[in-house]
Each structure stands twice: as structure tokens, then as C-alpha cells.
Amino acid sequence: MKQCIRSPSRLRGTVVVPGDKSISHRAAILNAIALGPARVENFLVGEDTRATLDCLQALGVGWSLEEAGGRGPTLSIHGPGRVGLRESEDVLDARNSGTTVRLLAGVLAAHPFLSVLTGDSSLRSRPMGRVVGPLREMGAQVWGRGGDAYPPLAIRGGALRGIHYRMPVASAQVKSALLLAGLFARGGTAVEEPAPTRDHTERMLRAMGARVSGEAGLVCIEPLEGELVPLDLRVPGDISAAAFWMVAAALHPDAELHLPGVGVNPTRAGIIDVLRTMGADLDVTEEREQGGEPVADITVRSSQLAPVEVSGDLVPRLIDEIPVLAVAAALTPGRSVVRDAAELRVKESDRIVTTCRELRRLGARVEELPDGLAIDGVQFLRGARCQSHGDHRLAMALGVAGLLARGETVVEGAGAAEVSYPGFWHDLGWLASSGQVKGVARGGDRT
Ligand code: S3P
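As a starting point, this report considers the structure included with it. (Residues numbered from 1 in each chain as written. Predicted model: local features only at pLDDT ≥ 70, side-chain atom pairs only at ≥ 80, totals over all residues. Heavy atoms only, no water.)

## A short note on the state of the cysteines
Next, step 1: Counted under the stated rule, the structure contains 0 disulfides.
Next, step 2: Counting only cysteine sulfurs, Cys-4 is the nearest neighbor of Cys-386, a cysteine outside any disulfide, at a range of 10 Å. (Disulfide = S-S within 2.5 Å.)

Here it is, written out as C-alpha cells:
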């Protein structure tokens, strides 16, 4: 699928972004090991979360999805309890989803049967040694292709023991896998992270009755004594989806966009901090709590931005937003630099290489660094033919670049957006309808 985009003269409106991807995965997986029924409103029905649901179904978990009158898609799921999962008859296909394969590896390491986890060609080239190593230390039998480095992973679950693990990379997926395995282990499990990563797993586990403690940088979990209590929740809007519209509004010369109900968990809200540091006219209002997570309404207007340096502990707080942040930097006078972000090389694509290559096609001045990007802002981007490399976040970042560029931008492989934001091109087309957007508008309304 390809999309053709032109910059509209005005960019105004309200966009209700879909439910948060990370929280949706966790709401499905954690409720699948709880005992009893749960309802999850505003569940993200994207390719990645569908992969999680299909894997859970293969493991014997019953669920259904319905469109609940104006409240977004609702997942009803019935957890069979801590010993309720059963061996899948077939290989479990996580498709494009790193969160699915790593979190399920943690759960399945504790279940006494054979599981084989695989995915698409992108996922099969992503590093899994980071979960295989510590799960083995906990006593699990886990193997992977390429010297235990890549999927497919084969797991024969069994009795685990708690460990104290110091993660070499800041990864919420690894931390979550170990906490989930730790629920079933003998003795406590402690995970130290080099920089704080998203804490959705800890929040949700606590709300379900698990004993999780710790402070920034160290998380501890005690083994389950009884059953996890199923959790009804409403998933906040995805800040990683909202980020595309935040950048579009801040950079467009005549813009005001409202983004209601967006998750603003501090471990995820780095993009808000950075856009504000750059000088964006960005309001966060009506802060409230929803499903144990902070949520707010966000408004962004046309702004004069200044360049920015992003590094250190800030990086995990906006790791998924760096492609679209690069679009902002490409149009901001002066030199912006992103460092300490080598993890970008092992995402759905090597985002350092693909972001550089594709933004250059539009006339951006972007330099590849071993662990990030250096970007010298230009006055304008020129519409061009570019491609997503099958990477959802790059596809959408290029769509935003198209909204800001002169002339027509064509994004090839635009369908990748379905991974995390079904309806992205529909929303973009609707927002840009005062200009001219061609292409197939897909996805549903989420009002
Ligand atoms: C995620 C964690 C991040 C992020 C990914 C989703 C999660 O990955 O990039 O899109 O849901 O835990 P890492 O934990 O590997 O950094």
C-alpha cells in the first residue's frame, strides 16, 4: 500500500488516538494468567496486539473483541489462572511484535510444556539473547536460532528460581519478561535497569495483587501466593501515536490539534519534555488517572522551535518517538543531536539507517552516528518518494514529513502503520482534507 500526501494550508482538529500498544499487550497477557473474567476498554486492535491475542488463544485462553458503543474496542478475556495455560498445538507467531515474543517468553519459561515462538523476517532478526540469558539463569530451558540469539525460540518451561539481574541494556520488554517469570519462581526476583524504562507491567501487576516493590532503577517481585486478580481497565490513548500529531502541529505554520485522553506516564512522556524544551506551544490539561496510569488532554499549536540534544536517561522515555522527532529536528534551524540510542538499530528496522536514508530523500540534512543522529535543520522539506522499510513508526513519521513538506510525498509500504495505529492514514487524510490527500483511507473511527 502506498500513500500520497500534500501539506494542507491549515491543520486543525481533534484526534482520538488508539489505545496504548504497550498497555494493551500487558492487559491481555496479565489477564491471561489471572483467574477469571476481565474487560479491557479501548484495547488497541493493531497487528501487534492481534498477534498477542492469537498466541494466547493458541495457549487455551478465551477472549472476544467487540466495538462497545463509542468506548473503543473492548476485549473480554477469561484468565484460566496461574496453572491454566496449555501447550499450543502449533508454533506461536508473534509476527512483527517484540513485546509479544519477549513477554510471552517470560511467562512460558515457567509453564511445563514446549512452546516455540517465532515471527516475521524483521522479528527473526531482533536480539533475543537478552531474554534467553537471564531466563536460563532462572533455570528455564530456552534455545534460539543463531546461538540462542534470534527467534524462533524454543522453550520448555519448568521450575524457576528468583535471581538478581543487572540488565546490560535499558529494556522494558526484558524487565517485564523477568518480572513475569519471577511471579512463578521460588524466591524473589530483582531487576536492575541502567536507566528507568516504561513501568506499565509493574503498575498493572500491583493492581492485580502481585507483590512488586522497588524504586527507580531497581524492581523486585515476590512469587505469587495465590492467583492474580483479573483487572478491568480502560487503556489510555497511546502517547507514541499522539507524538505524530504533536510534531505535525508544532511544525505546521497554521495548526492547532487537540489530543484527548493520552497516557502521560512519566516513563513514556519524554516527547512532551523534549518538544517543550524545543519551545513547542504544548498544553497538558485535565490530568487524571485511568487504569492505574496518568492520562491528560494535550493541545499543540504552531511553534517556533529551537534545536535540542537528547541523550542519557531521556532516551528510553521517548525511544519509539525518535523517527518523528527527527522530522521535527529536520525542520528546526540549528543542529539537533540524539545520542545513547544505539537500541534504535534493533527495532522493527535499523531506525538510525532507515530514518537517515528516508529523510534525506526529502532534502533533510541527517547524519548517522553510531548511537544516534545529528540533524541540521533546513528551511523546508521537498516532497519525494520514500519508503517505510516495513517499519510502522517510520511509515507514520514519513506521513508527518509529508504533511510539512512542499509538493507531494509518496510513502511506500504505508500499510505498516497497521502494526500500532490502524486508521493512521484515515486520520491523516481527514486532518489534511483542507489540502489534498490521495490514497486509500483505511481504519476505523474511534470517537
Ligand atoms: C516496549 C518497550 C520498548 C519499545 C517497544 C515497546 C514495551 O522496547 O521500543 O516499542 O511494550 O515494553 P524495549 O523494551 O526493548 O526497549
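Picking up where we left off.
## Observations regarding helix α9 (residues 270-277)
Next, step 1: Residues Gly-270, Ile-271, Ile-272, Val-274 and Leu-275 constitute the buried set of α9.
Next, step 2: Taken from the residues just after α9, Gly-279 is the one with a positive phi, measuring 105 degrees. (Buried < 20%, exposed > 50% of the residue type's maximum accessible area, 1.4 Å probe, protein only. Helix = DSSP H or I, 4+ residues; strand = E, 2+ residues; numbered from the N terminus.)

## As for the site of the ligand
Next, step 1: By nearness alone, 13 residues border the ligand, and Ser-22, Arg-26, Ala-172, Asp-320 and Lys-347 come closest of all.
Next, step 2: One of the side-chain nitrogen or oxygen atoms of Ser-171 is found 3.1 Å away from an oxygen atom of the ligand.
Next, step 3: The separation between an oxygen atom of the ligand and a polar side-chain atom of Lys-347 is 2.7 Å.
Next, step 4: Here the ligand loses 95% of its free accessible area of 380 Å² to cover by the protein chains.
Next, step 5: Secondary structure elements with two or more residues in the shell around the ligand: α1 (21-32), α3 (98-108) and α6 (172-183).
Next, step 6: Along the lines of polarity and charge, the residues of the shell around the ligand split into 3 nonpolar, 4 polar and 6 charged. (Near = heavy atom within 4 Å. Polar contact = N/O pair within 3.5 Å; in protein donor to acceptor, adjacent residues only side chain to side chain. Areas by Shrake-Rupley, 256 points an atom, 1.4 Å probe, with all protein chains shown as cover. Nonpolar A, V, L, I, M, F, W, Y, C, P; charged D, E, K, R; others polar.)

## A look at the nonpolar core
Next, step 1: Core analysis: the largest hydrophobic core is formed by 80 residues, its most contacted members being Trp-245 and Met-246.
Next, step 2: The element that contributes the greatest number of residues to this core is helix α8 (residues 239-251), accounting for 12 residues.
Next, step 3: Among residues more than four places away in sequence, those in contact with Met-246 are Ile-239, Leu-259, Ile-271, Ile-272, Leu-275, Leu-282, Ile-298 and Val-300.
Next, step 4: Ala-32, Phe-43, Ala-177 and Ile-221 belong to the second-largest nonpolar core, a separate cluster that totals 67 residues. (Core = buried A, V, L, I, M, F, W, Y, C linked by side-chain atoms within 4.5 Å. Contact = heavy atoms within 4.5 Å.)

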